[in-house]
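# Residue-level structural notes
Here is how the chains run, residue by residue.
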Amino acid sequence: MNGPFVRGLAEVGVAGAAGAAGAADAVGAAGAAGAAGAAGAAGAAGAADLGGGKAAGLGELIRAGIPVPPGYVVTAPAFGRMLAAVDPSGSLADAVASLDPGDLPAIGRVAAGVRSRIVSAAVPAEVAAQVTEAYEELGGPVAAVAVRSSATMEDSAGASFAGLQDTYLAVRGAAKVLDAVRRCWASLYNDESVAYRRRLRLPEDGLAMGVVVQRMLRPRAAGVMFTRSPVTGDRSVVAIEGTWGLGSALVSGEVTPDSFTVSKVTGEITGRRTGAKLRLHSFRPNEPGICASAMPIALRGLPCLTDDEARALAAVGRRVEEHYGVPQDIEWALLGDDPACPPMHGDAADRIRVLQSRPETVWAAREQAPLATPKPRASDHILAWLEKPL
Amino acid sequence: MDGTDDAPRFPLPSEIADAPGAEDWRSMYPYFTRFQPEDDQRFWFYNSMHFPEPMPAFDTITAEVPYSAIGANTARVFVFPTTLGIEHRIINGRVYITAIPVLDDAEIGRRAAIFGERASYYYENWDSLYEGWKVRMRALIDEIESVTVPSLPEFEDASVVFSSTGVAQNHFVRENFHRCIDLFSRMWHHHTEMLMLGYGAYVVFFQFCKQAWPEISDQTAARMVAGIDVIMYRPDDELRGLARLAVETGVDDLFTEGCSPSLVLSALAERGEGGKRWLAAFEEAREPWFNVSTGDGFYHHHRSWADDLTVPFTALPRYVAQVRSGTLAARPTEELRAERERIASEYRSLLSSSEEQTAFDQMLGLCRRVFPFVEDHKFYCEHWFTSQFFGKIREFGALLARFGVLAEAEDVFQLHHTEVDQALSDVMLAWAAGGPPLGAAHWQPIVASRKKMLAAMKEWSPPPALGPVPTALNDPAVRMLWGVTQERIEAWLSPSLDEIRGFGASSGVVEGPARVLTDVNQIGEIRDGEILVCPVTAPSWAPVFGKIKAAVSDIGGSMSHAAIVAREYGMPAVVGTGDATKRISTGQRIRVDGDRGTVQVIE
């Protein structure tokens, strides 16, 4: 499926352990590709430049042996070709670049103009042909796919906000896929993204974006996990949240998810709470789009994971964390039968797919004083404790 | 409880009504165990861990003497900076306790200077001090075993004349009885001499773990410390050895479910060389390993294996069957050790600096240093010594019964030790004068009334705590040993109706039929796959763990016997529920959640 405009996900993996964060940082400092050193244009920064942070992250996961749904990335050069077609003289880019970050009405007006130009223009023929070919190779002419933006800009703040908005699930048919790709491209000109770039005075030329297209999963359950406790920062546990069906119901806040806390060391489940999962996002192979419906009553109070599944998820989370060397924030899905059926036979580990992994940022940013320092004698620790009022 | 004008509180001691049918309970206990009007101002909690049943009058010695020793060691000997000792009171037969904290900063500082010097001497010389401790404890055990109870025959032994010892044996009735009480007191002083310091090491390590990994469970922290070769497993290991030997020597056919110990033993004597070998091994194992109490050493009626062979003989047939089928595995000590090291090193690797890692190593190292004492002292003190102690008191009871003061030997436990003193004086005088003792008319009605009151008080449900909710919990022992934390107090204030809460001691969730046992002598009733619900477990319960699916106990913490054994068997356990044996009945289906520390009755 490879051409200049389309690459398999495995080929955009970032060499080295810096991960998505590293890749995003390198690209954030625009033009830093050369500074990435020995890896050169095809190395770390290059890979992220080619497909964007999300694609690079997925590629790296694949190379680390983590199961990721099959897919490809519509590369930055494809976006460049599209932008060249839409804005041949660069006047649109100039108009955006000269916006005052404080002038939100103007930002809104100009950004909307750019977006409408992108979504209404035809995708350049060469790009369209490669995207279509890759799509059909992935699962045939009517396969359902997920189309997600993969910004080459830093995967944070405005950009990640935009990224959240620009996921299209259960897209079917090459024409619909091309349409979703265009919308992802246009999301680079969301008001928030533009305002963000203007505030940081980031350049508008050389702006690029990848779009990830992956085979649509039909998960039994899905959700997120942190490889440290989001509440206490505890690094010895994996905190899992999940719901029946697609994770979009959880990400969008429509359900109170089930939560599990799993010890990384012993595999024990040290915390569990069953949420009131009132809504179900599902996807049926023969119906268009995502179906959001009331959660069947029998499933509402039923935990969406067995203990074994929770443990298997935690083990995958641990592998991802070990690969990157820092705690991760991971989106996951668990394949299987309909939620209403009893859990599938077979190893839970084989049914896990990782949709995305990002470094955990909240606790990472907190400086912590050492909890204890060595003392001359071991017993001094006890004396010190017993000598202070409790 | 009215939340509108008053701060939340527990019932006050003065508000507690006498248990119906036991209105005269105060006459059973010494005046210094009674709640005073000003005690209403203080927080007290029911020490269900050590005293899960109403106290027979004699057995109050297991509160009186230990609290006398604990306080002496914390307040006066080692001068703990933030705590003095523990006060205890009895109400409706139940023991409530509270610690007296030191709150004044200057006072804490003054005490800390003395404490540092004294405590560090023990910590730094722990291993050699513990070796010396064992020697002293063995000497105490030898001494209690050698105490004789005079038989008071018609004529004194001739040696008193011909060796001119000059002291008749009625004198030794009192002297030897006092010797028993004095030795019991000495034993408890030695017991608390090292224990409070040992717990200090635990508390500090556990606290560090909680700070470093806020979600770590006590049980996981305990697994990094737990010793592998602890004496506690020895009695059970001995039984396994005897089961192997029975098969090897071809006498295994005698060990059948429900077999009678005395019949088996007499049959073995008829079984030639094999039977002889087995009996020899049995005698060897028996002393000292059968000196394990079926309880925790706080009640006279918790007999030892040596007193009541039913317990080991309930386990033997099952072990024998396992030897035959080749399924009797030895404890996988190497694997357990490797797993303990793996857990500790993985947690260690999660620490963010080498400084923290070194501090962690120091704290864990100290915990492991004190662990053998903390774990093994129970065998020496509560089991071995205490079994002998109650046995001697029972012999004095037999003397009193022989002289007609008591109806039977066992009734001696219905008298406080100072009352036993009086009854013995009565016998000493009667033997000397040649007339009958006067005690029968005096003591026997008292004994009968006390037995009735004990039965009545058993029906009373003691509140978990009394008095105001404390603003701060200052005593390390209260937190470590009894698990009384702010969280626990909150739970006591709002008891959950359909859920029984305790400490998750071993993880996992299972459902199954409950088997409620109040006495270890009932362990023969347990069927495979049942969930054991019991007041407390001690080493002598070990044989049942091979049969059950989960364990629930009224009392105990994450380092308690049930917790340690359950973790080793990999079965869920919830300990310290307070009243699971009252709220669950045999046959009910229950769900035990060893992660959350809860038990639910399903049907």
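The numbers attached to residues start from 1 for each chain and follow its sequence in the written order. To read the labels, note that chains go from A and ligands from 1, taken in the order they are written. Where totals are concerned, whole chains, interfaces and linings use all residues; where local detail is concerned, this predicted model gives features only for residues with pLDDT of at least 70, and gives and counts side-chain atom pairs only at 80 or more. With hydrogens and water excluded, all non-hydrogen atoms of the structure serve as input to the side-chain values.

Residues and elements named next belong to chain B. The predictor rates its confidence in each residue with pLDDT, a number between 0 and 100. Of the residues in chain B, 95% have a pLDDT of 70 or more, and the chain-wide mean is 89. Helix and strand definitions here come from DSSP, where helices need a minimum of 4 consecutive H or I residues and strands a minimum of 2 consecutive E residues; each element is numbered from the N-terminal end. Per-residue pLDDT, averaged within each element of chain B, yields its smallest value for helix H15 (residues 476-482) (69) and its largest for helix H13 (residues 417-433) (98). The low-confidence segment residues 1-5 (pLDDT under 50) makes three contacts with residues lying over four places distant or belonging to another chain. Whether two residues touch is decided by their heavy atoms; if any such pair falls within 4.5 Å, the residues are in contact.

A separate point is the interface of chain B and chain A. Reports of interface size often rely on the accessible area that becomes lost once the parts have come together. Each partner contributes residues to the interface: chain B has 49 residues there, and chain A has 36 residues. Here the buried area means the combined drop in accessible surface, using a 1.4 Å probe, for two parts upon being joined, counting both sides. For the pair chain B and chain A, the summed buried surface comes to about 3600 Å²; carbon and sulfur atoms form 62% of the total. When the buried surface of chain B facing chain A is broken down by residue, B:Glu215, B:Leu350 and B:Gln362 rank first, second and third, together holding 18% of it. Salt bridges are identified by distance alone: a Lys or Arg side-chain nitrogen within 4 Å of an Asp or Glu carboxyl oxygen. The interface formed by chain B and chain A contains one salt bridge. B:Glu346 serves as the salt-bridge partner of A:Arg318, at 3.0 Å between the closest nitrogen and oxygen. We define a polar contact as two N or O atoms separated by no more than 3.5 Å, with the added condition that, inside protein, one atom must be a possible hydrogen donor and the other a possible acceptor, whereas residues neighbouring each other in sequence contribute only through side-chain atom pairs. For the pair chain B and chain A, the interface holds eleven residue pairs in polar contact (both at pLDDT 80 or more). For the side of chain B that touches chain A, the element with the highest residue contribution is helix H2 (residues 105-124) of chain B, accounting for nine residues.

Residue and element names in this part refer to chain A. Sheet architecture is open: five strands sit in the order E1-E2-E5-E3-E4, paired in antiparallel fashion. Unpaired on one side and paired on the other, strand E1 (6-8) and strand E4 (167-172) mark the two borders of the sheet. Strand-to-strand twist of the sheet, defined as the mean angle between neighbouring strand axes without regard to direction, takes the value 25°. One requirement defines pairing of two strands: DSSP has to find at least two bridges between them. Where E1 lies against strand E2 (residues 71-74), three bridges are found, and the strand directions are antiparallel. Looking at E2, one finds that Gly8 is bridged to Tyr72. Axis angles are defined between N-to-C directions and span 0 to 180 degrees, where every axis is a line fitted to C-alpha atoms and, for a helix, only to the segment in contact.

Let's shift gears to the sheet that holds strand E3 (residues 94-101) of chain B. Residue and element names in this part refer to chain B. The strand order across the open sheet built from four strands is E2-E3-E1-E4, with neighbouring strands paired in antiparallel fashion. The sheet is open, and its two edges are formed by strand E2 (83-91) and strand E4 (465-466), each paired on a single side. Here two bridges tie strand E1 (residues 44-46) to E4, and the two strands are oriented antiparallel to one another. Paired with Trp44 across the two strands is Leu466, which belongs to E4.

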